[in-house]
Amino acid sequence: PAVTSPCKILKCNSEFWAATSGSHHLGAEEAPEFCTALRAYAHCTRRTARTCRGDLAYHSAVHGIDDLMVQHNCSKDGPTSQPRLRTLPPGDSQERSDSPEICHYEKSFHKHSAAPNYTHCGLFGDPHLRTFTDTFQTCKVQGAWPLIDNNYLNVQVTNTPVLPGSSATATSKLTIIFKSFQECVDQKVYQAEMDELPAAFVDGSKNGGDKHGANSLKITEKVSGQHIEIQAKYIGTTIVVRQVGRYLTFAVRMPEEVVNAVEDRDSQGLYLCLRGCPLNQQIDFQTIRSAQATEGRARRKGPSLPAPPEAFTYETATAKCREKLPVEDLYFQSCVFDLLTTGDVNFMLAAYYAFEDVKMLHSNKEKLHLYERTRDLTPGNTAPMGTHPTLWVALLCLCWLCLL
């Protein structure tokens, strides 16, 4: 079933941007018109406040309105019509290419040291998580969860059930907040939902704003409505967001220094890309996969899943996934898992594109493929019967002596 958000903050944002395009070029005589549009923006956010209570873009907009009110000396009382102001002239800051050195991570942060060590995190499918430490998990995580939360940006995903009554979930909403950084970028919010993958931030802009290094943050549309890429050069970060079928995928390449830039590490327990999913949200992938192979479809702990709309057997799911993923690694296994769980062939494409993003973003090409790790039993962890039969017999004899 289609999931539509009752929060209309994106509509408020777009209306304000349409009314104030080019407003930073306005003369003093036109400032009242900007204030009028700003009051209309505030009124719009108040109308949707109840349904946007937990939305990061909403809270960002509210704080932004307060700041703009102060900057432009606007009164909160007055008309709220939205006049159309003149558009951006040629040569606007949106097209500015010169940026100070501090707005290029590799040139500024590591000018006299070794090149940064980059890490990767990805989320796709039903949903499968690859953390910055290359841990691979299959999780439930229904509802809103933080993927990344550090000093520079915040990423939150919302996962919704794929089928009614099912614990199978997929990402239906994504919010990314780039925090204001020195002379490089203003705070910017990107938000995507099912069937809505914008090629701009929520305020309609495509770069970091009016600061001198604005172009150190930029959105590029690769495939309309299906694939966007965000380059944040000031923190050495690349983000890829896709819509595959009805759901979203997320992938990021980020320097370790930025990953670990957290003021209070104790509060980062739910930072999924760093910590992984909580134990009670993780799915035993090996057990589920075994059940898939023997029963022909996925079964999770708890109530059985409803039958998917298109039934796959283990054999047909395996054959289908092998078309795009010839190596039987965890991406391949995730594909099989998702086809059996959902019956939606788009999940095969989600796994395929997730691996394509890994190939582009991961700095260590030897770690592209991940496989299930068997438990290598060291001498200290090996069962006594297999390693020390003499000791095992002695223990049995001791037990008999105790009985006598």
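Going by the structure above, here's the rest.
Note that the structure is a prediction, hence the values are computed from the model and not measured. (Residues numbered from 1 in each chain as written. Predicted model: local features only at pLDDT ≥ 70, side-chain atom pairs only at ≥ 80, totals over all residues. Heavy atoms only, no water.)

Caption draft 1: Region of the structure containing the overall build of the protein. What the protein contains, in helices and strands, is twelve helices and eleven strands. Sorting the 404 residues of the protein into buried and exposed places 48% on the buried side. Taking contacts inside the protein between residues at least 6 apart in sequence as the whole, the part at least 24 apart equals 62%. When the accessible area of the protein is evaluated, it comes to approximately 20100 Å², of which 53% is carbon and sulfur surface. (Helix = DSSP H or I, 4+ residues; strand = E, 2+ residues; numbered from the N terminus. Buried < 20%, exposed > 50% of the residue type's maximum accessible area, 1.4 Å probe, protein only. Contact = heavy atoms within 4.5 Å. Areas by Shrake-Rupley, 256 points an atom, 1.4 Å probe, with all protein chains shown as cover.)

Caption draft 2: Representation of the sheet that holds strand β7 (residues 188-193) within the structure. The strand order across the open sheet built from four strands is β4-β5-β6-β7, with neighbouring strands paired in antiparallel fashion. Edge positions in the sheet fall to β4 (143-149) and β7, since each of these pairs with one other strand and no more. Neighbour-to-neighbour, the strand axes of this sheet turn through a mean angle of 20°, independent of strand direction. (Pairing = 2+ DSSP bridges. Axes fitted to C-alpha atoms, helices over the stretch in contact; angles between N-to-C directions.)

Caption draft 3: Summary view of the nonpolar core. Judged by nonpolar contacts, the single largest core of 48 residues is most densely connected at Leu-147, Ile-148, Leu-153, Ile-176, Phe-178, Tyr-234 and Phe-250. In terms of residue count, the dominant contributor to this core is strand β11 (residues 247-255) (four residues). Apart from residues no more than four positions distant in its own chain, Ile-148 is found in contact with Phe-132, Leu-153, Asn-154, Val-155, Phe-250, Val-252, Met-254, Tyr-271 and Cys-273. In terms of nonpolar packing, the next biggest core, distinct from the first, is built from 23 residues, Tyr-41, Cys-52, Ala-57 and Val-202 among them. (Core = buried A, V, L, I, M, F, W, Y, C linked by side-chain atoms within 4.5 Å.)

Caption draft 4: Structural detail: the state of the cysteines. This model, assessed by the stated rule, comprises six disulfides. The disulfide that involves Cys-121 links it to Cys-273, with 1.9 Å between the sulfurs. On the sign convention where negative is left-handed, the bridge of Cys-121 and Cys-273, at about -75° about the S-S bond, is left-handed. Of this pair, Cys-121 sits in strand β1 (residues 118-124) while Cys-273 sits in helix α6 (residues 272-275), placing them 152 residues apart in sequence. Across the pair, Cys-273 and Cys-121 agree in class, each one buried. The side chain of Cys-139 participates in a disulfide bridge whose partner is Cys-277; the two sulfur atoms lie 2.1 Å from each other. Residues Cys-139 and Cys-277 are joined by a disulfide whose S-S torsion is about 95°; by sign, that bridge is right-handed. Of this pair, Cys-139 sits in the loop between β3 (136-138) and β4 while Cys-277 sits in the loop between α6 and α7 (285-295), and the two are 138 residues apart along the sequence. (Disulfide = S-S within 2.5 Å.)

These values are about where atoms sit, not about what they do.
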